[in-house]
There are 2 protein chains.
Amino acid sequence: MIDRRNYHLFQPLLYQVATAGLSPAQIAMPIRSILRNAANTRVLMGRVTGVDRERRVVVADEHEIPYDFLIIATGVRHSYFGHDDWEPWAPGLKKIDDATAIRRRILTAFELAETEADPARRRRLLNFVIVGGGPTGVEMAGAIAELARRALVRDFREIDPRAARILLVEAGPRVLPSFPESLSARAFRSLQRLGVEVRLGTPVSAVDAEGVIVGDERVPAATTIWAAGVRASSAAKWLKAEADRAGRVKVGPDLSLPGHPEIFVVGDTALALDPAGHPYPGLAPVAKQQGRYVADVIGARIRGSSPAPRFVYRDWGAMATIGRNHAVAHLFSRFRFGGMFAWLLWGLVHIMFLAGFRNRLIVLMDWTWSYITFQSGARLITGSSDM
Amino acid sequence: MIDRRNYHLFQPLLYQVATAGLSPAQIAMPIRSILRNAANTRVLMGRVTGVDRERRVVVADEHEIPYDFLIIATGVRHSYFGHDDWEPWAPGLKKIDDATAIRRRILTAFELAETEADPARRRRLLNFVIVGGGPTGVEMAGAIAELARRALVRDFREIDPRAARILLVEAGPRVLPSFPESLSARAFRSLQRLGVEVRLGTPVSAVDAEGVIVGDERVPAATTIWAAGVRASSAAKWLKAEADRAGRVKVGPDLSLPGHPEIFVVGDTALALDPAGHPYPGLAPVAKQQGRYVADVIGARIRGSSPAPRFVYRDWGAMATIGRNHAVAHLFSRFRFGGMFAWLLWGLVHIMFLAGFRNRLIVLMDWTWSYITFQSGARLITGSSDM
């Protein structure tokens, strides 16, 4: 197992680190500890820079690691659709360091607003723009709204944090486009109830130091968060493999690279098609099932038995949360519901999927505490500020 | 209240963040939250750059804040005794960002050792040098020893983390020089039992990228931690006040600046003398009692009554912990003891003094968990690596 980080990150809760609800260590677990009892595993921290398909070695830093089977699960980074110059002003949320940087920006904006005498500059500091209405964008917008309207509300003297404007911008016609339309509508209403301004069908045409141009309106904003698009890792380049526009590696029905049955690509960085020929979405459950499937395939090949010829995703459902007491859930491609029950289910499922009993217990305690007191647990500004 | 951070930090537990035991948010609390219910307070996040004693204003960033009374409690930074070029190779431990940087170095050293084939370079990666045998140095050395000998021991395949050499270097004749000699001896034995090599009466004569020169031995080490000396903040410069060699502001018996009864200096950045003419040590209890005393003085002056004419420190005692189950305690200048009971008392007192019930509860849980499982709770390598 080669990773450039020493920990496994539970990405679905990363937005809570970015909005000061949880600490990084609560959603991350050392990879070595996870694999401690698997005596036939080795863990290396290193940055992969290439794969030599002919000699069957992975190049990581100055090391060459030989393989019989290779599984690539290197995920995605955010993508600015050709506007990479927007990145400094609109950071995305994929890594822990992204999350603590966004947390620093959000909290610093309120701090600077408290000492800012000029109304226009104060307004800009209290404007938060989230670009992208998928689950990450919706959850970020909801969490920032709760921070401003609840956790911070009694801590400032000069400003009223409730005056913060939280603007969620989505280029398409609805939020949560991967969910059924009725749930998108429900999420839209929940966001509005939280005080989030949702702008649909409106692309962002510019992002710079001053703010964002949304449709034909210039919104001055000190904090813009990018949750709009992703681009696959460099895996296609390493493998010299065919990829789609987003950089995802095209794989066969058994998730192996065409012509290379010993190389598999899984998760967000793979372009795998379902039996109807549609690509599987970039979701954690897809990646997890793909991982298990490939393990079974390799096991079967080693034993000499014949593996299941194609990966089929079993869709148990999807959920997204919109602040306190609200979530939407779409289960077994059939049940659709929202509100308090969906929110409790969301919490339960996310606690369950966290790695490590200690993390589960502590996150549960932190959530309970925050729920009762309306306070958030990790309101620290760390690292150097760039505002 | 002006601070350049948005949080109050409980420094006595900072070494546990540096050694992956606790998360930063568990020992820090937003200043705004602490003062939320004091309606006549205002909190500003800002960097103080000067004080104008005549116009009675504090300059912070581009703001000028007028005062009637001014209390300066800006603490200390570590000091390299004229060898500031050692700092990149031997970081000190005063801020949260220091702690996460040291944590990154320690954990990265083990990760790199795991993939290092050259025995000499591997040896260097597994050498840890702590310079300074005061409470911070002793606690750091103990915590690194426990990390290497317990928490990490089953996670590596190529190296045995127990082979790590932890070297505590003290220029003076004993560790914990501010404690009675019998407790220094006891701490020395506890450190040895933990596998820490203690070098007494040996100054460090050089620190560079390769390691440290201790006495006349060159110790190659990838990780060196500085816990040897401190230098006061720039307060004396701001105030154009008289200071000692360490930069501490000389104050009168009531902790006010001579000639400026409206300016007080407290804590580590003040040079205050006890009735016998000895300077008070730079300890948290001294600072806390000084804060309370100055509050009383100001209150009395405003009311027109006469305040206590001089600050007198009431010494309840001091403690230091040396790994699991071991601590030394010196209470009421009379009782001296060590071992398990001192360790339990140390834990109890530190939990009590943490700000915020939530932090108390979560730290207690984390400690209990670590005690039972021998695992540490925050083994994350975050930020960019410089090794």
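Structure: above.
Right, let's walk through the structure included here. Since the model is a prediction, treat every value here as computed from it, not as a measurement. (Residues numbered from 1 in each chain as written. Chains lettered and ligands numbered in written order. Predicted model: local features only at pLDDT ≥ 70, side-chain atom pairs only at ≥ 80, totals over all residues.)

1. Concerning the overall build of chain A
Then comes step 1: In terms of helices and strands, chain A carries ten helices and 24 strands.
Then comes step 2: Its C-alpha atoms give chain A a radius of gyration of 22 Å, within 12% of the compact-globule value 21 Å for 387 residues.
Then comes step 3: Considered along the principal axes of its C-alpha atoms, chain A spans approximately 70 × 45 × 40 Å.
Then comes step 4: Each of the 387 residues in chain A was classed as buried or not, and the buried ones make up 46%.
Then comes step 5: When contacts within chain A are restricted to residue pairs at least 6 apart in sequence, long-range pairs at least 24 apart make up 62% of them. (Helix = DSSP H or I, 4+ residues; strand = E, 2+ residues; numbered from the N terminus. Rg over C-alpha atoms; globule rule 2.2 N^0.38 Å. Buried ≥ 20, exposed ≤ 12 C-beta atoms within 10 Å, placed from the backbone. Contact = placed C-beta atoms within 7 Å.)

2. Brief notes about the relation of the copies chain A and chain B
Then comes step 1: Mapping chain A onto chain B calls for a rotation angle of 180 degrees and an axial translation of 0.0 Å; the resulting RMSD is 0.0 Å. Such a combination of rotation and displacement between the chain copies is what one expects of a two-fold axis.
Then comes step 2: A shared interface surface links the copies, since 100% of the contact residues of chain A are contact residues in chain B too. (Least-squares fit on C-alpha atoms with pLDDT ≥ 70 in both.)

3. Considerations on the pairing of strand β15 (residues 217–220) of chain A
All names here are of chain A.
Then comes step 1: As paired strands, strand β14 (residues 211–214) and β15 are joined by four bridges and run antiparallel to one another. Paired with V212 across the strands is V219, a residue of β15.
Then comes step 2: Connecting β14 to the antiparallel partner β15 that follows it, the hairpin turn spans two residues, and G215 within it adopts a positive phi of roughly 60 degrees. (Pairing = 2+ DSSP bridges.)

4. A closer look at the packing of helix α10 (residues 357–373) of chain A against helix α10 (residues 357–373) of chain B
Then comes step 1: For the pair α10(A) and α10(B), the least separation of the axes is 11 Å and the interaxial angle reads 170 degrees. Considering their axes alone, α10(A) and α10(B) lie roughly antiparallel with respect to each other. Residues R358(A), I362(A), M365(A) and W369(A) of α10(A) lie in contact with α10(B), whose contacting residues are R358(B), I362(B), M365(B) and W369(B). (Axes fitted to C-alpha atoms, helices over the stretch in contact; angles between N-to-C directions. Parallel < 35°, antiparallel > 145°, perpendicular 65-115°, else oblique.)

5. So, the interface of chain A and chain B
Then comes step 1: Across the boundary between the two partners, chain A contributes 36 residues, which contact 36 residues of chain B.
Then comes step 2: Residue assignment for the side of chain A that touches chain B shows that the elements contributing at least two residues are β3 (28–30), α2 (31–34), β4 (44–45), α3 (96–115) and α10 of chain A.
Then comes step 3: With six residues, α3(A) is the largest single contributor of residues to the side of chain A that touches chain B.
Then comes step 4: Split into classes, the residues belonging to the side of chain A that touches chain B amount to 15 nonpolar, nine polar and twelve charged. (Nonpolar A, V, L, I, M, F, W, Y, C, P; charged D, E, K, R; others polar.)

6. Quick word on the sheet that holds strand β20 (residues 260–265) of chain A
Within a sheet, neighbouring strands are paired by backbone hydrogen bonds and run either parallel or antiparallel to one another.
All names here are of chain A.
Then comes step 1: Overall, mixed pairing links the three strands, which are arranged β8-β20-β19 in an open sheet. Looking at which strands have only one partner, the edges of the open sheet turn out to be β8 (70–72) and β19 (256–257).
Then comes step 2: For β19 and β20, the ladder comprises two bridges, and the chain directions are antiparallel. Residue pairing in the sheet places S256 in a bridge with F264 of β20.

7. Observations concerning the environment of M1(A)
All names here are of chain A.
Then comes step 1: Within the secondary structure, M1 is located in the segment before β1 (2–3).
Then comes step 2: By C-beta crowding, M1 is classed as partly exposed, having 15 other C-beta atoms within 10 Å.
Then comes step 3: Distance from M1 to R42, taken between C-alpha atoms, is 6.2 Å for residues 41 residues apart in sequence.
Then comes step 4: Those residues in contact with M1 that sit more than four places away from it in its chain are I31, L35, T41 and V43.

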